[in-house]
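Structure at a glance
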Amino acid sequence: MLSKLLSALTAATCAALLMVTCTASTQLLPAVPVIAVPEPPSPPPVLLPYDFSQPVPQSEPVGTEYFADAAFVGDSRTDGFCLFSGVGGGDNLTATGLSVFTLSTKQTIKTDEGTLTVLDALERKSYGKVYLSLGVNELGYSNNDAFYAAYCAAIDAVRTRQPDAVIYVQTLIPLNEGRIKASGGASYLTNQKLCVYNDIIRRVAREKQVPLLDLYSVFAVDGQLPEDFSRDGVHLTAAHYAIQLDYFKTHTVSLPQLNTAIQSAEGLI
Amino acid sequence: MKRLLLPLLTLVVLLSACSPAPSSETPGFSSGLAEQLLGCGAFSEPIDPLTPDIAWGLYRLSAAGLAREQMTDTIAYHSSGATCEELSLLTFTDEKTAQTAAAALKEYVSDQIAANRDYRPAEVPKLEQAYLMCRENTVLLLVANDYAPALALLDP
């Protein structure tokens, strides 16, 4: 009983003291402008040991200047991103119909040195980031092992040409199968197969230790791309590419962070 | 007959690009015309605006030897991926620059045909019939689903 009383008394005394202190501060101290003190930079959003099959954690948003030294490698969906997202920078190294199987053979990138493959075009300058998105044009292939092997080889090829770049791979944005059917799209364009490929892409990310951007989860609603996000069920409408850009801006990894993640994944730290 | 007609039409359209016309009879393409073309029913889907810098890069006008400041006005609309349809009205500092740009756009259309022949063959006829013309210091490129209403505006 006594201890309860003392405890209540102590709490009341503390509260009273706090009130007196606050009141005294308000009355005695001159008004000074409140100066916002910038918070120290956030620590690297790397959970150790890092699991590369999981998407890059959300981070503080970067500005579009972040993409100035980026290369966007992919098919017509990535081309749409470059044209309509408002990214405002980076090199568009895309080709209509490009696949992991044709990355080193399809000569479509026009340069001053002639028309080059995407891989040859990648060699022309040094990039800080390479955003790789491939897989939709491969959905008709039945050999998943070949897709996995080709995707791994594609990352090796990019890494050889850009050893100092952060290579991001992306899960595939879902399809809207109703729109595809209505527009006479190919019957092999299904979300069921797309999800199989996304699982393979996650496996590739883990195997090759590259950061994964999970665009599927950003866009999928009940396993489909919402109908009003696309006119043909495959390509986003212009306004919706901004969603992709916002995700890119808030899911970034620096090269030191990546190296730390690789070391942790290999059990070195 | 159709097989013969299509390549012939394509050839006529492409060859007519950049042919200087008497300015008193055919003034440059106007922004009002571009607006009319957008709404005339020539496109199978809504097409979306490109920024001038994106249009500049898309048509590889630097590689054609032009300087960015030579393109003084841009109205450019492009499909976001569902089709190859597009409309661009580019205005340049002078007629000669416009002709150089038109040559670059002609190459762009040829590249689009090559890129889509296997991938989206249904889009190829639209590209083969592309309307590409320069008048004075302007260049107009139209890739449409239905050219009839557009041509009615362009060549009334």
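Attention in this report is confined to the structure presented alongside it. Residue numbering note: each chain is counted from 1, following its sequence as written. For naming, the first written chain is A and the first written ligand is 1, with later ones following in the order written. Selection of residues for local features in this predicted model requires a pLDDT of at least 70, selection of side-chain atom pairs for listing and counting requires 80 or more, and totals for whole chains, interfaces and linings are taken over all residues. Side-chain descriptors were evaluated using all non-hydrogen atoms of the structure, hydrogens and water having been removed beforehand.

Residues and elements named next belong to chain B. Burial of strand β5 (residues 138-143) is extensive: six of the six residues sit out of reach of the surface. By the bridge criterion, six bridges tie strand β3 (residues 86-92) to β5 in an arrangement that is antiparallel. Residue pairing across strands places Leu-90 opposite Val-139, the latter belonging to β5. Paired strands, as defined in this entry, are two strands with at least two bridges between them according to DSSP. Note on conventions: DSSP H or I runs of at least 4 residues are helices, E runs of at least 2 residues are strands, and numbering of each starts at the N terminus. In the sheet, strand β4 (residues 131-135) pairs with β5 via five bridges, with the strands oriented antiparallel. Each bridged residue has a counterpart across the sheet, and for Tyr-131 the counterpart in β5 is Leu-142. Two successive antiparallel strands, β4 and β5, enclose a turn made up of two residues, where Glu-136 displays a positive phi of approximately 50 degrees. Between buried and exposed lies partly exposed: a residue is buried under 20% and exposed over 50% of the maximum accessible area for its type, with that area taken using a 1.4 Å probe on protein chains only.

The next thing to look at is the interface of chain A and chain B. When checking whether two residues touch, look at their non-hydrogen atoms; a contact exists if any pair is within 4.5 Å. On the chain B side, the residues contacting the 18 residues of chain A number 20 residues. When a carboxyl oxygen of Asp or Glu lies within 4 Å of a side-chain nitrogen of Lys or Arg, that pair is called a salt bridge. Run the count over chain A and chain B and you get four salt bridges. Note that Lys110(A) and Asp111(B) form a salt bridge whose closest N and O atoms lie 2.9 Å from each other. Among the secondary structure elements, those contributing two or more residues to the side of chain A that touches chain B are α2 (76-84) and β3 (107-111) of chain A. No other element matches α2(A), which puts five residues into the side of chain A that touches chain B. For this classification, Asp, Glu, Lys and Arg are treated as charged, while Ala, Val, Leu, Ile, Met, Phe, Trp, Tyr, Cys and Pro are nonpolar and the rest, including Gly, are polar. Residues that form the side of chain A that touches chain B fall into these classes: six nonpolar, eight polar and four charged.

So, about unusual backbone geometry. Residues and elements named next belong to chain B. Of note in the backbone geometry, Arg-60 takes a positive phi value of approximately 50 degrees without being a glycine. The topology assignment puts Arg-60 in the loop between α3 (52-58) and β2 (71-78). For Arg-60, a relative accessible area of 27% translates into the label partly exposed.

Residue and element names in this part refer to chain B. By this rule, a helix spans an expected 1.5 Å times one less than how many residues it contains. The first and last C-alpha atoms of helix α4 (residues 95-116) sit 31 Å apart over 22 residues, in line with the 32 Å expected at 1.5 Å per residue. All buried positions along α4 are accounted for by Thr-97, Ala-98, Ala-101, Ala-102, Ala-104, Leu-105, Tyr-108, Val-109, Gln-112, Ile-113 and Asn-116. Where α4 is buried, its residues touch α3, β2, β3, α5 (124-128), β4 and β5. Between a side-chain oxygen at the N-terminus of α4 and the backbone nitrogen of Lys-96 the separation is 3.1 Å; the capping residue is Asp-94. What qualifies as a polar contact is a pair of N or O atoms within 3.5 Å, subject to a donor-acceptor requirement within protein and to the restriction that residues adjacent in sequence count only when both atoms come from side chains.

Moving on, we get to the packing of aromatic side chains. Residues and elements named next belong to chain A. Think of it this way: a Phe, Tyr or Trp ring, Trp meaning its six-membered ring, pairs with another when their centres are within 6.5 Å, and the plane angle makes it stacked under 30 degrees, edge-to-face over 60, tilted otherwise. With the rule as written, the count across this model stands at 15 aromatic pairs over all chains. Each ring, one from Phe-101 and one from Tyr-141, has its centre 4.6 Å from the other, and the planes form 45 degrees; the classification is tilted. Of the two residues, Phe-101 is situated in the loop between β2 (91-94) and β3 and Tyr-141 in the loop between β5 (129-133) and α4 (144-161); the sequence distance between them amounts to 40 residues. Taking relative accessible area as the criterion, Tyr-141 reaches 38% and is therefore assigned partly exposed. The structure contains a cluster of three or more aromatic residues connected by ring pairs, namely Tyr-66, Phe-67, Phe-72, Phe-81, Tyr-131, Tyr-168 and Phe-248. Above the face of the Tyr-66 ring, Lys-129 is positioned so that its terminal group lies 3.8 Å from the ring centre. Charge-over-ring placement is defined geometrically: NZ (Lys) or CZ (Arg) within 6 Å of the ring centre, and within 35 degrees of the ring normal. It is Arg-203 that lies over the ring of Tyr-148; its NZ or CZ is 4.2 Å from the centre.

Right, let's get into the pattern of salt bridges. All chains considered together, the criterion is met by 15 salt bridges over all chains. Of the charged contacts, one joins Arg124(A) and Glu113(A) as a salt bridge, the two residues approaching to 3.2 Å between their closest N and O atoms. You can see Arg124(A) sitting in the loop between α3 (118-122) and β5 and its partner Glu113(A) sitting in the loop between β3 and β4 (114-117), a full 11 residues away along the chain. For the salt bridge of Glu45(B) with Arg231(A), the shortest nitrogen-to-oxygen distance reads 3.6 Å. Here Glu45(B) is found in the loop between α2 (31-38) and β1 (48-49), whereas its partner Arg231(A) is found in the loop between α7 (215-219) and α8 (241-249) on a different chain. Connected through shared salt-bridge partners, Lys110(A), Glu107(B) and Asp111(B) make up one network.

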